[in-house]
Every structure is written in C-alpha cells, then in structure tokens.
Amino acid sequence: MDISVVISLYNEEESLRELVGWIESVMSREGYSYEVIMVDDGSTDGSWSVVKELSAANPAIRGISFRRNYGKSAALYHGFAAAQGNVVVTMDADLQDSPEEIPEMYRMVVEEGWDIVSGWKKQRFDNKFTKNLPSKLYNWTARKVTGIRLHDMNCGLKAYRNEVVKNIEVYGEMHRYIPYLAKNAGFGRITEKPVQHQKRKYGVSKFGLERFVNGLLDLISLWFLSTFGKKPMHFFGFTGILMFLAGGFLAAWVIIEKLVQQSHGLVYRPVTDQPIFYLALLAVILGFQLFLAGFICEMVSRNSAERNNYKIREEI
C-alpha cells in the first residue's frame, strides 16, 4: 500500500464527508493505493456515525472510536499502530489542511529519501493575536531547544516513512514534537514544505491559548528526558555537587573570616547572625539531596525495561 492517511477528529461531523471526498479524489487522480484511518477522539456529536457511513461506502476508510476524549496524541498513537502504508500522512479533520499537498509530500519521502516532511503554513488564516504571534514565539523556542529547523513544528499536515511512526511512541501531548521524537529515535532526515492553509469552514477550534503553555512545559520535559533520561546522575549529581561545594565554600569563608577578625582583636559579626551562613547551609543540604535524587534515579533507570532499547537500522 502506498499511503495511509491518519486523521484525528473530535466533533467534526460537518466536515468529514467533504474531507473524505477530497482525499478520494486526489488518490484516484494520482493512482495511489491507500487507506484512511479516522480516529474519533470521543466525539459527542454525530462524527462516529458519519465515519461508519463513509467506511460502509468505501472499504479504504477505516475507523477507530475512543469511549471518551483522550487527546490528539492518543489518537495518533493508535492511528500509527494501525497504518500499513509505506508513507503515513497525518492531517486534521477541519478542512484547514489540503489533501492536494499529499502527492508532493509523498514524492519527497519516496524519491528524495526524507524521513519526515512537515507542512509549513506560511500564510495563515487564524487570528493574528491569539494564534499567529504566539505560534511564532512557540516555534522559535522549539527550534532553539530541539535543533530542528522547522518553521511550523505543530502543523498537523505531515508525511512520514512508515518505519518512523513504528519506532516512536506518541504520548501525553507530545504530538506537537513528533519530529523531535523521531530525531531522538535516529530519524534525522527532516524537512518542511510550504503548504496551503484553508480558512476554517465549520465549527470552532478545539484548542485554546493554554496549548502554548502546555506545549512549552512538554518541550522542557521532552528535552530533559531525551538528554538525561538514561543518565539522570549526570544532571542531578553534577548540579548537587556544585551546590554542595558552593555552600561548603561560603560556610567555610564566613567561619574563617570570623576567626581571622577575632584573632586580630577586631570587631566581628557572629556567624549565626549572618544570613549568608544559612543560605550556605541550605545549599549544602539541597546539594546533598540532589545528589541522592540522582543516585535513586540512576538505580531506577538501570532497572527500567527500556534501558537497552536501542534503535537498530539494519543487520547483515
């Protein structure tokens, strides 16, 4: 099979027939063998009924329905697990992603050898202040942290080699950072393609401004796990030793200064009257606790079932 189109949807009843008809038209014109996997993320409208209707009319349309809303990452996880196509394309169900982009993205993966081709909505039709500007700041931060030069990390329209989606685990709200997950799994050939962005035709966006805050927190978590996940002592131990030594040096300096002034008959300030002394003791205690935290995390990591989970490209 050439292409699997994975669509996560939540309360998009009005757009589904038009979207599937558009996809079918493109696939028929290009002569691709394909499947469309529609994952209903606990919709409360008639979306699932429409999916069943579409599936009955075309065997290439497959559906997965969650009992409740779990989020886009969960939907993509199950969609990726079910995908059988050589190239897996993800897109949103709100008609803002154009299926007309699929043939070129497919060609870039198959002929040019990219692992991931990410869409870049150069011209957006969203609200400038609630979406466009926060999105630019978010993407700038993501580029700096991940080292992946994508202008639109969170674009829903992406194409992947099948091997990529089978070797990453999308969880929590990490769907925003699939390129980073893929890079950490050894799939570093990532590029982008400018794509056409459509105005929303039906309904309203299911995501609010909180997604930018959540996205930043997820980015920090993912960076930490990818950097120190298998070697937590390198972070906690190193930080703890620095704090312990800094606190010890400050405490010793305060005590020695007091002793020197006392030995020369000078007016001195009692050690226990100096706030810096207590700050030094706090640093020593926190440093010791961080070191112990690193030691415990290292023990947990060494006993993890994932400790020797390394991605192998091929064997001969």
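From a predicted model like this one, the values you see are computed outputs, not experimental measurements.

> Outline the overall build of the chain, listing residues and values.
The helix and strand tally for the chain stands at 10 helices and 7 strands. Look at the contacts in the chain between residues 6 or more apart in sequence, and 79% of them connect residues 24 or more apart.

> Which residues make up a nonpolar patch on the surface, and what values go with them?
Taken together, Ile 241, Phe 244, Leu 245, Phe 288, Phe 291 and Leu 292 make up a surface patch of nonpolar side chains, about 550 Å² in accessible area. Elements with a contribution of two residues or more to the nonpolar patch: α9 (233–263) and α10 (275–302). The topology assignment puts Phe 244 in helix α9.

> Describe the environment of Lys 158, and please don't skip the residues or the numbers.
Of note, Lys 158 is situated in strand β6 (residues 158–161). Residues Lys 158 and Gly 119, spaced 39 residues apart in sequence, show a C-alpha to C-alpha distance of 5.6 Å. Beyond its immediate sequence surroundings of up to four residues, Lys 158 is in contact with Val 88, Val 89, Thr 90, Met 105, Val 117, Ser 118, Gly 119, Asp 152, Met 153 and Pro 179. A distance of 2.9 Å separates a polar side-chain atom of Lys 158 from the backbone oxygen of Met 153. A polar contact of 2.5 Å, which involves the side chain of Lys 158, links it to the backbone oxygen of Cys 155.

> I'd like to hear about the sheet that holds strand β3 (residues 61–65), residue by residue, with values.
Pairing is mixed in the open sheet, where 7 strands are placed in the order β3-β2-β1-β4-β6-β5-β7. The open sheet has two edge strands, β3 and β7 (190–194), and neither has a second partner. For this sheet, the mean angle separating the axes of adjacent strands, direction not counted, is 20°. Pairing geometry for strand β1 (residues 3–9) and strand β4 (residues 87–92), over 6 bridges, is parallel. Residue Val 5 lies in a different strand from β4, and its bridge partner there is Val 89. Packed onto the sheet, helix α1 (residues 13–30) meets β1, β2 (34–40), β3 and β4 and runs at close to 170° relative to β1.

> So what's going on with the nonpolar core? Residues and values would help.
Generally speaking, a soluble globular protein has its nonpolar side chains buried in company with each other. Ile 3, Val 5, Ile 7 and Met 38 are the most contacted members of the largest nonpolar core, which totals 33 residues. Mapped by element, the contributors of at least two residues to this core are β1, α1, β2, α2 (47–57), β4 and α4 (102–110). Those residues in contact with Val 5 that lie beyond four places of it in its chain are Ile 23, Met 27, Glu 35, Val 36, Ile 37, Val 89, Met 91 and Ile 102.

> Explain the pairing of β2 to me, using residue names and the numbers behind them.
Most of β2 sits out of view: 7 of its 7 residues are buried. Residues of β2 alternate between two faces, with Tyr 34, Val 36, Met 38 and Asp 40 on one and Glu 35, Ile 37 and Val 39 on the opposite face, all of them buried. Where β1 meets β2, 7 bridges bridge the pair, whose relative direction is parallel. Across the sheet, the residue bridging to Leu 9 is Asp 40, located in β2. Handedness of the crossover is the feature at issue here: the chain leaves β1, passes through α1, returns alongside β2, and the resulting connection is right-handed. Pairing between β2 and β3: 5 bridges, direction parallel.

> If you had to explain the pairing of β1 to someone new, which residues and values would you point to?
Across the 7 residues of β1, 7 count as buried, placing the element largely inside the fold. Taking every second residue as pointing to the same face, both faces of β1 are buried, with Ile 3, Val 5, Ile 7 and Leu 9 on one and Ser 4, Val 6 and Ser 8 on the other.

> Any chance you could break down the packing of aromatic side chains for me, citing the residues and the numbers?
Considering all chains together, one arrives at 5 aromatic pairs under this definition. Centroid distance Phe 277 to Tyr 278: 5.7 Å. Interplanar angle 75°. Geometry classified as edge-to-face. Overall, Phe 277 belongs to the buried group, its relative accessible area being 13%. Accessibility expressed as a relative area gives 45% for Tyr 278, which makes it partly exposed. The aromatic ring of Trp 114 is capped on one face by Arg 189, whose charged end is 4.5 Å from the ring centroid.

> Which residues make up the environment of Arg 269, and what values go with them?
Relative to the assigned elements, Arg 269 resides in the loop between α9 and α10. Each C-alpha atom of the pair Arg 269 and Val 254 lies 9.6 Å from the other, and the pair is 15 residues apart in sequence. Not counting chain neighbours up to four residues away, the residues in contact with Arg 269 comprise Lys 258, Gln 261, Gln 274 and Pro 275. Reaching out from Arg 269, the side chain makes a polar contact with the backbone oxygen of Asp 273 at a distance of 2.9 Å.

Parameters and conventions
Residues numbered from 1 in each chain as written. Predicted model: local features only at pLDDT ≥ 70, side-chain atom pairs only at ≥ 80, totals over all residues. Heavy atoms only, no water. Helix = DSSP H or I, 4+ residues; strand = E, 2+ residues; numbered from the N terminus. Contact = heavy atoms within 4.5 Å. Patch = residues over 30% accessible without salt bridge, like charges linked within 9 Å, V, L, I, M, F, W, Y side chains within 5 Å. Areas by Shrake-Rupley, 256 points an atom, 1.4 Å probe, with all protein chains shown as cover. Salt bridge = Lys/Arg side-chain N within 4 Å of Asp/Glu carboxyl O. Polar contact = N/O pair within 3.5 Å; in protein donor to acceptor, adjacent residues only side chain to side chain. Pairing = 2+ DSSP bridges. Axes fitted to C-alpha atoms, helices over the stretch in contact; angles between N-to-C directions. Core = buried A, V, L, I, M, F, W, Y, C linked by side-chain atoms within 4.5 Å. Buried < 20%, exposed > 50% of the residue type's maximum accessible area, 1.4 Å probe, protein only. Right-handed = clockwise from strand over helix to strand, strands pointing away. Phe/Tyr/Trp six-rings, centres within 6.5 Å; stacked < 30°, edge-to-face > 60°. Lys NZ or Arg CZ within 6 Å of the ring centre and 35° of its normal.

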